[in-house]
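Descriptive structure summary
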Amino acid sequence: MNPIPDQTNGGFCWRWKPVDIIALVIAFAIYWPLGFAVLAWKIWNDRQPAPQDLGQALQTGFERLQRAFEGVFSSVSGSGFASAGPAPTGNAAFDAHIREEWARIEADRQKLNDEVAAFRAFLNSERTGDYDVYERFRRSRGA
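What comes next concerns the included structure. Because the structure is a prediction, the values reported are computed rather than measured.

Overview of the overall build of the protein chain
When you go through the protein chain residue by residue, the secondary structure sums to 6 helices and 2 strands. Ordered by position from N to C terminus, the α and β elements of the protein chain give β-β-α-α-α-α-α-α. Taking all contacts inside the protein chain whose residues are at least 6 apart in sequence as the whole, residues at least 24 apart take part in 40%. When the accessible surface of the protein chain is summed, it comes to about 11200 Å², and 63% of that surface belongs to carbon and sulfur atoms.

So, in structure tokens, the structure goes:
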């Protein structure tokens, strides 16, 4: 938000956008100290030489939060930190030991992932094989 020069209000006039008012109302509705924090930020921000737009600040915050969650989930799923291994310590023998253990653990993890995939495939074949199951049941009841 660009400041507009105004002699009546210390050099800048306050410009409230709909997103500012909505954020303030939502913050007060969620938790009143949060509402006061948003109001204080807005008043402080409007008096700065180059104030930020609240909508842009919220969007930037949400994007940072999303990147943080993606980083956490990728490390848990094995596509991020888990596959890279820990940082080197400087001791060559210990680092070699860590790499070997890490490779062994990754192989075990891959084996477990393959086992889970095979079990899911088995469950899917059982679910889609309803007709075969029904036929076996009918034959066993008829005999």
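Back to the text.
A look at the packing of aromatic side chains
Within this structure, the stated rule accounts for 2 aromatic pairs. Centre to centre, the rings of Phe28 and Phe36 are 5.1 Å apart; their planes meet at 80 degrees, and the pair counts as edge-to-face. Taking the relative accessible area as the measure of exposure, Phe36 reaches 46% and is therefore partly exposed. Consider the rings of Trp32 and Phe36, whose centres lie 6.0 Å apart with planes at 85 degrees: the pair is edge-to-face. With Trp32 and Phe36 both in helix H2 (residues 32-46) and 4 residues apart, the pair spans about one turn of that helix. Accessibility expressed as a relative area gives 55% for Trp32, which makes it exposed. A connected cluster of aromatic rings, assembled from ring pairs, spans Phe28, Trp32 and Phe36.

Rules used throughout
- Residues numbered from 1 in each chain as written.
- Predicted model: local features only at pLDDT ≥ 70, side-chain atom pairs only at ≥ 80, totals over all residues.
- Heavy atoms only, no water.
- Helix = DSSP H or I, 4+ residues; strand = E, 2+ residues; numbered from the N terminus.
- Contact = heavy atoms within 4.5 Å.
- Areas by Shrake-Rupley, 256 points an atom, 1.4 Å probe, with all protein chains shown as cover.
- Phe/Tyr/Trp six-rings, centres within 6.5 Å; stacked < 30°, edge-to-face > 60°.
- Buried < 20%, exposed > 50% of the residue type's maximum accessible area, 1.4 Å probe, protein only.

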